[in-house]
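Listed here are the chains, written in short residue letters.
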Number of protein chains: 2
Amino acid sequence: MPKQLHVNLFEMNCVSHIVHGLWVHPENNRHRFNDLDYWTELAQLLEYGTFDGVFLADVIGTYDSFRDGPQTALREAMQIPSNDPLLVIPAMAAVTQNLGFGATFSTTYEPPFAFARRMSTLDHLTKGRVGWNIVTSYLPNAARNFGHATEVVHDHRYEIADEYLDVLYKLWEGSWDDDAVIQDREQRVYTDPTKVRYIDHVGEHFKVAGPHLCQPSRQRTPVLFQATGSPAGIGFAGRHAEVVFTGGIDTAAVRANIEAMRNKAIAHERDPAGLKFIVMAGVIVGRTDEEVSRKLDSYRTLMSVEASLAHQQSAVDLTRYPGDALISDLIALKVKGWESLQRYKPEWKVSTVLAQFSGFNRERFFVAGTPTVVADQIEKWLDEDGIDGINLRQYLSFETARDFIELVIPELRRRGRFRERYNDGETLRERLFGAGQARLPGDHFGARYRDAAVLQQPARPLRFS
Amino acid sequence: MPKQLHVNLFEMNCVSHIVHGLWVHPENNRHRFNDLDYWTELAQLLEYGTFDGVFLADVIGTYDSFRDGPQTALREAMQIPSNDPLLVIPAMAAVTQNLGFGATFSTTYEPPFAFARRMSTLDHLTKGRVGWNIVTSYLPNAARNFGHATEVVHDHRYEIADEYLDVLYKLWEGSWDDDAVIQDREQRVYTDPTKVRYIDHVGEHFKVAGPHLCQPSRQRTPVLFQATGSPAGIGFAGRHAEVVFTGGIDTAAVRANIEAMRNKAIAHERDPAGLKFIVMAGVIVGRTDEEVSRKLDSYRTLMSVEASLAHQQSAVDLTRYPGDALISDLIALKVKGWESLQRYKPEWKVSTVLAQFSGFNRERFFVAGTPTVVADQIEKWLDEDGIDGINLRQYLSFETARDFIELVIPELRRRGRFRERYNDGETLRERLFGAGQARLPGDHFGARYRDAAVLQQPARPLRFS
């Protein structure tokens, strides 16, 4: 059987998430993000389309490096205003039966005990449909919103995150036995107290007594997503991640990234098949080439280069220089923030860099075309690059998702590349890894805490520095 | 016009909230608290009954003092397992238009920036239907779940809470002007950056940069609820609370408490009419006296004395002593934990104390009877005690609420004591304080931060020690 595609809609509880400037399009609904019915409509559309889930990005600060302030982000509604991602999930869950929900949350600024309870609550309310995108935060303004003078150093953030996960596993996997809750009305016993325990975690960064406040949920630990790049991030993902956001400039690079990650999982004594790989993808589809061109043009004219520069926290305001100036010249002139220009090729012109922010260039996981063209490309992503799924980038809400459902999914189904329907009652983890696999697999690091004896042992922290 | 009653259903995201042992009743739905449809059914019932709202209590630890462990709490499902209170609100909001939502959250253990965003998100999603019950936490186990060796000292918790509120007001009231969001698609401006500002809060306990991540919501600051008792709590409420949970053993005591609170508000230069007073009330109603007796009996037989002792964190296990033993004797014998017995009258017997936990005795705000008897009593509470509303204690979910809706509200309406319908589109604050009053009143401490100049000034902390 050919590999089938997993698809999440890539979302954020804000106006302009990742394709900037398009909120002004008359058919875009992004300005409705404050309203419940935006989210319930969206969830129902995605479930109608049998999407795997909706995946919510998040940041907890403002992009205020570009032009030394937040004015560009504010004007462009670039991830500000933005609302809490977890709180839209219960409303979407209330109007769906099968759709999954991934939410981003940072391990750096909020205590693990409360987060463990929030995710268990969501796993109960959704009957096992939640995933967590583990991030450690990177915005300087986020650090300043939580009492820090500046960002916690990158590798140290991963060491904190490793202990954070340790606390969570103890609460989610170890604090309550599967048969702790018996609900015996005759004997008047809801929980057998001998099957619930304190975790008494004492580490370098956290002290947490427990017991976990929630009884075991369908998945216990939510499906663990993580985006990687750095060596520390890959080391962390090797131990913890079940689904990795990856990427690469070409097929060889993507395959190499996946290979490196699988090897890291093996080093952590995990079955490398226990990892899935997804990428952010842009898909613009039309019934005809003319329709595709019309869409490309209508999007391109509205895209905001300035918002993209602000999103990059660009230290150099490239809009101030002539389009035909060479990056190498700006570096030679040591313009303010020139160090950040080293990510570009020196022979590029300023206009080449700015053209990147049109959103359609230089990307492995972008396709525009009719349904057969799109499906051909997606099959290559699955078979040649070796990915398992995509987070679908939105150009217009809800046009992007609707087009994918109406035009792409039927074509993928004809090729055996997409589910025909949901399996009733499956959890998000089962949708990804198969029936019966609602819980973390036994070879995952977090599973060790199911053994009450191991729960009492000191943790073995990962070291990145 | 006679004073009308405000009614919230008193809830908690757990099995056994405050009347313990009744979860085993065959018609009780409390074991369904993990399921979304418990909450959506409940919300629809309450909105059908034109309740003001549902009010969610919370604790973030386990009661583990009684008998030196959590076993009683676990066996009785006494506030454990318990799930996050905020996360059921969006689902209830999705199936209602008017019902209000109060949620408990502690200022002691989690950072204010994230909480500010969560409440703003809820205020957006509900279109201004949320309130916040400010607590500072008291369970020793809660402290140990958040890295503390033991509880933060009581009065110090209120000083931290005062600064916490300061941060929140700056984010909610001061960071964004009312006309900051313009959504001008022609000019491609979502927010006017000149009308959004950092808060740059630097205090004794918190450093928070801002800007707030959320655009202004209908109420901005949620309706502020607080339960008081201690002098520090009353001092805090005088500055901050809009709705105070109060009580008292008799009418004179209740009136004195209300009077003291209003005077404290005046001392903070607030209109004392800007405070409402609610009490927890037990109402057991039936069509006939026989029906009332049957209900009382069926509840009483199931009530759990042990769970109530655990809920009190009782240091003495009174169930180990003969029912006719005198409290004065136990004190004289200096039994372990005897100090805690001083709250009872020395001439009481052990059986007298334990009988308290049947839940029907010695309470000013309890009534059992036919609808006219209940309504007579409620009118006295309104007119003689001077309260404005009740949090209705549940015996059975959903019987308690359904009985109140079917039997009590019609009788209160006949007497002009209860709304006939909701006013379309009103916020929770407007329901309490009148049309047009969606925001904090101008004389409230939090309103000062609407002035950008004041936002930059150092705070004037309350001192309780």
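Residues numbered from 1 in each chain as written. Chains lettered and ligands numbered in written order. Predicted model: local features only at pLDDT ≥ 70, side-chain atom pairs only at ≥ 80, totals over all residues. Heavy atoms only, no water.

### Some details on the interface of chain B and chain A
Put simply, the rule is: Residue contacts are counted whenever heavy atoms from the two residues lie within 4.5 Å of one another. By convention, the term buried area covers the 1.4 Å-probe accessible surface removed from two parts as they join, with the contributions of both added. The term salt bridge refers to a pairing of a side-chain nitrogen on Lys or Arg with a carboxyl oxygen on Asp or Glu at a separation within 4 Å. N or O atoms within 3.5 Å of each other form a polar contact, as long as, within protein, one can give a hydrogen and the other can take it, and as long as residues adjacent in sequence are counted only when both atoms are side-chain atoms. Only DSSP runs of H or I reaching four residues or more are called helices, and only runs of E reaching two or more are called strands; each is numbered from the N terminus. Residues are grouped as follows: nonpolar covers Ala, Val, Leu, Ile, Met, Phe, Trp, Tyr, Cys and Pro; charged covers Asp, Glu, Lys and Arg; every other residue, Gly included, is treated as polar.
With 80 residues of chain B in contact, the opposing surface of chain A contributes 80 residues. Between chain B and chain A the total buried area reaches about 6700 Å² when both faces are included, carbon and sulfur atoms providing 58% of it. Together, Leu 87, Arg 185 and Arg 188 of chain B form the three largest contributors to the area buried by chain B at its contact with chain A, with a combined 12%. Summed over the shared surface of chain B and chain A, the number is eight salt bridges. Close ionic contact of Arg 117 of chain A with Asp 58 of chain B constitutes a salt bridge, the shortest N to O distance being 2.6 Å. Summed over the shared surface of chain B and chain A, the result is 42 residue pairs in polar contact (both at pLDDT 80 or more). If one sorts the elements of the side of chain B that touches chain A by residue count, helix α4 (residues 112–125) of chain B sits on top with eight residues. When grouped by side-chain class, the residues that make up the side of chain B that touches chain A number 43 nonpolar, 23 polar and 14 charged.

### Description of the relation of the copies chain B and chain A
Convention followed: Our superposition of the copies is a least-squares fit, built on the C-alpha atoms of residues whose pLDDT is at least 70 in both.
Aligned on chain A, chain B shows an RMSD of 0.1 Å; the corresponding rotation is 180° and the shift along the axis is 0.0 Å. The superposition operator between the copies reduces to a two-fold rotation axis. For chain B, the smallest separation between a C-alpha atom and the rotation axis is recorded for Ala 91 of chain B, amounting to 2.1 Å. Here 100% of the interface residues in chain B have copies in chain A that are interface residues too; the copies meet face to matching face.

### Description of the side chain of Arg 393 of chain A
Structurally, the position occupied by Arg 393 of chain A is in the loop between β13 (389–392) and α14 (399–414). Of the polar contacts made by the side chain of Arg 393 of chain A, one reaches the side chain of Tyr 395 of chain A; its length is 3.0 Å.

### Concerning the environment of Pro 222 of chain B
Turning to its location among the elements, Pro 222 of chain B is positioned in the loop between β8 (207–208) and β9 (223–227). Sequence-wise, Pro 222 of chain B and Leu 428 of chain B are 206 residues apart; in three dimensions their C-alpha atoms are separated by 8.5 Å.

### A look at the pairing of strand β1 (residues 6–12) of chain A
All names here are of chain A. Put simply, the rule is: Type-normalised accessible area, obtained with a 1.4 Å probe on protein chains alone, sets the label of each residue: buried when under 20%, exposed when over 50%, and partly exposed for intermediate values. Any two strands are treated as partners once DSSP identifies two or more bridges connecting them.
A large share of β1 lies buried, amounting to seven of its seven residues. Neither face of β1 is exposed, since His 6, Asn 8, Phe 10 and Met 12 on one face and Val 7, Leu 9 and Glu 11 on the opposite face are all buried. Bridge count between β1 and β13: four bridges; the pairing is parallel. In the sheet register, Val 7 faces β13, and the bridge partner there is Ile 390.

### What to know about unusual backbone geometry
Residue Pro 81 of chain A follows Ile 80 of chain A across a cis peptide bond; omega there is 0°. With a phi close to 60°, Gln 79 of chain B is a non-glycine residue in the positive phi region. Examined against the element boundaries, Gln 79 of chain B turns out to sit in the loop between α2 (71–76) and α3 (89–94). Gln 79 of chain B sits in the buried class, given a relative accessible area of 4%.

### Some thoughts on the domain arrangement of chain A
Residue and element names in this part refer to chain A. Spelled out, the test is: Either an automatic procedure or a domain database provided the assignment from which the domain bounds are taken.
Splitting chain A by domain gives domain 1 (6–301 + 364–455) and domain 2 (307–357). With both chains or domains summed, domain 1 and domain 2 bury close to 1000 Å², and 58% of this area falls on carbon and sulfur atoms. Here domain 1 and domain 2 share two salt bridges between them. Between Arg 67 and Asp 317 there is a salt bridge; the shortest N-O distance is 2.7 Å. Counting across the interface, domain 1 meets domain 2 through seven residue pairs in polar contact (both at pLDDT 80 or more).

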